[in-house]
Amino acid sequence: MLKALIFDVDGTLADTEAVHLEAFNNAFPQVDLDWHWSHADYARLLEISGGKERLRHFWHATHPDMTDLGGGALDDTLNLLHEIKTAYYENAVNEGRVHLRAGVLDLINAAHAEGLQLAIATTTSPVNVAGLLRKAIGDDWRHMFVAVGDGSTSPVKKPNPQVYLQVLSDMAVPAAQCLAFEDSPNGLRAAMTAGLQTVITPTEFSVEPNYEGALRVLPDLSGITVAQLRGWLDGAGPLPGAR
Ligand code: XBP
Ligand code: MG
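Predicted, not measured: the structure shown is a model, and the values here were computed from it. (Residues numbered from 1 in each chain as written. Chains lettered and ligands numbered in written order. Predicted model: local features only at pLDDT ≥ 70, side-chain atom pairs only at ≥ 80, totals over all residues. Heavy atoms only, no water.)

Student: Give a detailed account of the coordination of the magnesium ion (ligand 2), specifying residues and quantitative values.
Tutor: Within the protein, the magnesium ion (ligand 2) binds to D8 (OD), D10 (O) and D183 (OD); these donor distances fall in the range 2.1 to 2.2 Å. Site description for the magnesium ion (ligand 2): donor spacing in sequence, D-x1-D-x172-D. With a gap of 175 residues between them, D8 in the loop between strand 1 (4–7) and helix 1 (17–27) and D183 in the loop between strand 6 (178–182) and helix 8 (185–193) connect regions that are remote in the sequence. For the pair shown, D8 and D183 are each scored as buried. (Donors = N, O, S within 2.8 Å, 3.2 Å for Na, K, Ca; no water. Helix = DSSP H or I, 4+ residues; strand = E, 2+ residues; numbered from the N terminus. Buried < 20%, exposed > 50% of the residue type's maximum accessible area, 1.4 Å probe, protein only.)

Below you can see the structure in the form of structure tokens.
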């Protein structure tokens, strides 16, 4: 029996990664780094969830001997870089440059009208979630969601299931009665490890993705109804180990 829908943000609610990439590339020169990530570089780097974790991974992979920058410790530089990147991204969202993907708002509204619980489970920063949903749903967007898990509430990033376990616990609904919506293999692994059947909508950044175990892989959510979701979940049954 379907009781709740849990949505990932980046790639799933909205095609955000091109704007995240632009934000990273704009931040680099501001801390005197001559880095530039191409679309192909970034698609590979998305294997590392979380912007700060992605920066740290790149730094270690490409500059293993570099421990500081202009006298600033590595952590300080990464924090500053990520702050600048987040401000740039937030500004782009506020300017209306990021939109919900096809079918997302219709499904959210339909599920809410039918009394399903809604939740967010993302690795991104809370300001990014608020900016996107305020623009798309309105100032009272938070009332639509029973639980919001993000990079601040669940710091261990996907594929670790921490953020999904957090929102399941906040909603007090068993995983077997929920569906997750994801775009990435890391997100799918996180959701499945938390016992969630998962619907995947890939993006242009999904490179040779492995979606084994997904309930459905769809181009997007347009035309998808709550009745269809119920049918898919009832037909598949709970994942092994789901509570
Ligand atoms: C995707 C991510 C995010 C964004 C960058 O998150 O990995 O890190 O790329 O956001 P999800 P931050 O799909 O789980 O929403 O820089 O704020 O981490
Ligand atoms: Mg995602």
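There's plenty left to go through after this.
Student: Requested: an account of the nonpolar core, with residues and values cited.
Tutor: Core analysis: the biggest nonpolar cluster contains 39 residues, and L5, F7 and L13 have the highest contact counts within it. Secondary-structure elements contributing two or more residues to this core are strand 1, helix 1, helix 4 (74–94), helix 5 (104–113), strand 4 (117–121), helix 6 (126–137), strand 6 and helix 9 (226–236). (Core = buried A, V, L, I, M, F, W, Y, C linked by side-chain atoms within 4.5 Å.)

Student: An account of the pairing of strand 4 is needed here, citing residue identities and associated values.
Tutor: Most of strand 4 sits out of view: four of its five residues are buried. As paired strands, strand 1 and strand 4 are joined by four bridges and run parallel to one another. Across the sheet, F7 pairs through a bridge with I120, a residue of strand 4. Where strand 4 meets strand 5 (residues 147–149), three bridges bridge the pair, whose relative direction is parallel. Across the sheet, I120 pairs through a bridge with V148, a residue of strand 5. With helix 6 bridging strand 4 and its parallel neighbour strand 5, the resulting β-α-β unit is right-handed. (Pairing = 2+ DSSP bridges. Right-handed = clockwise from strand over helix to strand, strands pointing away.)

Student: Got a sec to walk through the packing of aromatic side chains? Specific residues and values, please.
Tutor: The full count for this structure, using the stated rule, is 11 aromatic pairs. Between F28 and W37, the aromatic rings sit 5.0 Å apart at their centres with planes inclined by 70°, giving edge-to-face as the arrangement. Across this residue pair, the class does not change: F28 and W37 are buried. Aromatic side chains W35 and W59 sit 5.4 Å apart centroid to centroid with 80° between the ring planes, which places their arrangement in the edge-to-face category. Note that W35 is positioned in the loop between helix 1 and helix 2 (39–45) and W59 in helix 3 (residues 51–62), a separation of 24 residues in sequence. Directly above the ring of Y89 sits K85, whose terminal nitrogen or CZ lies 5.4 Å from the centroid. (Phe/Tyr/Trp six-rings, centres within 6.5 Å; stacked < 30°, edge-to-face > 60°. Lys NZ or Arg CZ within 6 Å of the ring centre and 35° of its normal.)

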